[in-house]
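Structure assessment
Read off the chains here:
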Amino acid sequence: MRKKVIAANWKMYKTPDQTRDFFREFLPLVSGHDRDEIVVCPPYIDLAAALDSAKGANVAIGAQNVHWKEEGAFTGEISPGMLLTLGVPYVIIGHSERRQYFGETDDTVNLRLKTALEAGMTPICCVGEVLEEREAELTEDVLRRQCVRAFHSISAKKAAKLIIAYEPVWAIGTGKTATPQLASEAHLVIREQASEIFGKEFADNLRILYGGSVKPENSKSLMSEEEIDGALVGGASLDPKSFAAIVKY
Ligand code: PEP
């Protein structure tokens, strides 16, 4: 049985005060919930407030990106060691908004992933096709290519903590959700590709989350799929009641 991960991606929303307010309301709603791993990934400036608020609770904290060097002249970047020192073990890597707006490529995803894994972090690596690729029936090719490049020169042993998020770009922030069946089909492709690279045992244990307009109304049907090992939630994770409802689908 793979333990599900329900992760919040807050994107560029909330201040430290708003972060504390969120946890004040959210934590009692999920207290004692240990069926799934709960992760909240706020902007960097909110990490300290989130860690402080979630101390001793069943919620882990993650970042939304990480650089591939430990330190250096890289203005605006944050390293894995910096996050770990703070107490942040999870990190989202290769989100489609980073690929779309900030020049993230399969190669930089690979560099970030390699460094994060080597440092002992738990990366949530995002893959997914854009609408034109789905319409041109290129989804499988795109997912395989993104996985092959992201996992390049990473061993199964090093990749042990890896989590994948399948996020069809056409479903992110659009209100359009992949059907549970369509998401499952994509997850199977990813699992098969992971099996080819890392071996069957690794792939059998690999957690693949679905992301793309997950909300309280659709989380149960998505999470009931055997292939879906959790969710990466954007918009609906900003409200404590809505995120708690998703966690408790
Ligand atoms: C995301 O940001 O990863 C995401 C899936 O966003 P949303 O839930 O808003 O579609």
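Just so it is clear, the model here is predicted, and its values are computed rather than measured.

1. Things to note about the nonpolar core
One finds Phe23, Phe26, Leu162 and Phe243 to be the most contacted residues of the largest nonpolar core, which totals 64 residues. Looking at this core element by element, the count peaks at six residues for helix 8 (residues 180–198). Once residues lying within four places of it in the same chain are set aside, the contact partners of Phe23 are Trp10, Pro28, Val40, Ala50, Ser53, Ala54, Val59 and Ile61. Of all hydrophobic cores here, the second largest spans twelve residues; its members include Ala7, Cys41, Cys126 and Leu232.

2. Observations regarding helix 8
Residue pairs three or four apart in sequence face the same way in an α-helix, which turns once every 3.6 residues. Taking 1.5 Å per residue as the helical rise, helix 8 with its 19 residues ought to reach 27 Å, and the 26 Å between its terminal C-alpha atoms agrees with that figure. All buried positions along helix 8 are accounted for by Ala183, Ser184, Ala186, His187, Val189, Ile190, Arg191, Gln193, Ala194 and Phe198. Contacts from the buried residues of helix 8 go to strand 5 (122–127), helix 7 (139–150), strand 6 (163–166), helix 9 (200–205) and strand 7 (207–211). Following helix 8 by one or two positions, Gly199 has its phi on the positive side, about 100°.

3. Points about the site of the ligand
For the ligand, the set of nearby residues contains 14 residues, the closest of which are Lys11, Glu167, Gly173, Ser213 and Gly234. Take Asn9: an N or O atom from its side chain is 3.1 Å from an oxygen atom of the ligand. Protein coverage of the free-state accessible area of the ligand, which is 290 Å², stands at 96%. Of the residues belonging to the shell around the ligand, the class tally is four nonpolar, eight polar and two charged.

4. Details of the packing of helix 1 (residues 16–30) against helix 11 (residues 240–247)
Angle between the axes and distance between the axes are the two parameters that describe a pair of packed helices. Orientation of helix 1 relative to helix 11, taken along the N-to-C sense of each, is 30°, at an axis distance of 9 Å. The orientation of helix 1 with respect to helix 11, classified from their angle, is roughly parallel. The two elements helix 1 and helix 11 meet at a crossing, and its hand is right-handed. From helix 1, Phe22, Glu25, Phe26, Leu29 and Val30 reach across to helix 11, where they touch Pro240, Lys241, Phe243, Ala244 and Val247. Among the residues making up the contact of helix 1 with helix 11, the classes are represented as eight nonpolar, no polar and two charged.

Rules used throughout
- Once a new chain begins, its residue numbering starts again from 1 and follows that chain's sequence as written.
- Reporting of local features is limited, given that this is a predicted model, to residues whose pLDDT is at least 70; pairs of side-chain atoms are given and counted only at 80 or more, and all residues count toward the totals for whole chains, interfaces and linings.
- The side-chain values count all of the structure's non-hydrogen atoms but skip hydrogen atoms and water molecules.
- Remark: nonpolar core denotes a set of buried residues (Ala, Val, Leu, Ile, Met, Phe, Trp, Tyr, Cys) joined through side-chain atoms within 4.5 Å.
- Throughout, exposure labels follow a simple rule: accessible area from a 1.4 Å probe, protein chains only, divided by the maximum for the residue type, with under 20% read as buried, over 50% as exposed, and the rest as partly exposed.
- In DSSP terms, a helix is any run of H or I states spanning at least four residues, a strand is any run of E spanning at least two, and both are numbered starting from the N terminus.
- The criterion used for residue contact is that any of the two residues' heavy atoms lie within 4.5 Å.
- The span you would expect from a helix comes to 1.5 Å times its residue count less one.
- Near is defined per residue: the residue qualifies when any heavy atom it owns lies within 4 Å of the molecule or strand.
- Within 3.5 Å is the distance limit for a polar contact, defined as a pair of N or O atoms, with the added protein rule that one can donate a hydrogen and the other accept it, and that residues adjacent in sequence qualify only through two side-chain atoms.
- Surface accessibility follows the Shrake-Rupley procedure with a 1.4 Å probe radius. Residue values consider only the protein chains on display as shielding.
- Residue polarity follows a fixed list, in which Ala, Val, Leu, Ile, Met, Phe, Trp, Tyr, Cys and Pro are nonpolar, Asp, Glu, Lys and Arg are charged, and the others, Gly among them, are polar.
- Note on geometry: axes are lines fitted to C-alpha atoms, helical ones only across the stretch in contact, with angles between N-to-C directions running from 0 to 180 degrees.
- Should an angle fall under 35 degrees it is called roughly parallel, over 145 degrees roughly antiparallel, and 65 to 115 degrees roughly perpendicular, with every other angle called oblique.
- Should the near helix be turned anticlockwise from the far one by less than a right angle, the crossing is termed left-handed; should it be turned clockwise, right-handed.

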